[in-house]
Amino acid sequence: MTAPDGATGPGGGGDAVGAGGRGGGAVRRDEAAELAAALGDTRWQPPRVTPLDRRLAVDRDSVERGLASLVLTVIELLRQLMERQALRRVDLGDLTEEQVERIGTTLMALEEQMTGLREYFGLAPEDLNLDLGPLGPLLPTD
């Protein structure tokens, strides 16, 4: 099967090497431009690509805050899961009083640390709750 440009097969022979190219290098085919021309769209232009620093406004504070938010979200999720598991074990009665006390103290200390880190990075508790779209929020709000 011969393509409109004379190439055979899908992607076959589309890049001519040395034929008419400068210095014997490869001549690069612009498939998007060829497709637009074949469809009769003469207004098509390749997208203009700007350097990354102009497209993305990156400053150290926003990157630091975003990373802190992500890490604290994961830690908060794990803290809540550990707390639920501890409550299940307490309800089942398979922990001693000393273990219950130690788990409670540890979870309270972890919650204090989380509060301190959220304050340090200027994050509210709701900032750590990712919206998962149709699934709802990541963290329970109870």
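For the structure itself, look to the data block above.
A brief structural summary. (Residues numbered from 1 in each chain as written. Predicted model: local features only at pLDDT ≥ 70, side-chain atom pairs only at ≥ 80, totals over all residues. Heavy atoms only, no water.)

Position of Thr73 relative to the elements: it lies in helix H3 (residues 60-92). Here the side chain of Thr73 touches Leu128 through a polar contact of 3.1 Å, landing on its backbone oxygen. Those residues in contact with Thr73, other than ones at most four positions away along the chain, are Leu128, Leu130 and Leu138. (Helix = DSSP H or I, 4+ residues; strand = E, 2+ residues; numbered from the N terminus. Polar contact = N/O pair within 3.5 Å; in protein donor to acceptor, adjacent residues only side chain to side chain. Contact = heavy atoms within 4.5 Å.)

Turning next to the packing of aromatic side chains. Inspection of every chain in the model, using the stated rule, returns one aromatic pair. The interplanar angle of 90 degrees and the centroid separation of 4.8 Å between the aromatic rings of Tyr120 and Phe121 together place this pair among those described as edge-to-face. (Phe/Tyr/Trp six-rings, centres within 6.5 Å; stacked < 30°, edge-to-face > 60°.)

Evaluated as defined, the whole model comprises six salt bridges. In this structure, Glu83 and Arg79 form a salt bridge, with 2.7 Å as the shortest nitrogen-oxygen distance. Placement of both Glu83 and Arg79 in helix H3 is noted, with a separation of four residues, approximately one turn of the helix. Connected through shared salt-bridge partners, Glu76, Arg79, Glu83 and Glu111 make up one network. (Salt bridge = Lys/Arg side-chain N within 4 Å of Asp/Glu carboxyl O.)

Attention now goes to the nonpolar core. Across soluble globular proteins, nonpolar side chains have a tendency to be buried as a group. Grouped together as the largest cluster of nonpolar side chains are five residues: Leu72, Met114, Leu123, Leu128 and Leu139. In this structure, Met114 is in contact with Leu72, Ile75, Glu76, Arg79 and Leu128, ignoring residues within four places of it in sequence. (Core = buried A, V, L, I, M, F, W, Y, C linked by side-chain atoms within 4.5 Å. Buried < 20%, exposed > 50% of the residue type's maximum accessible area, 1.4 Å probe, protein only.)

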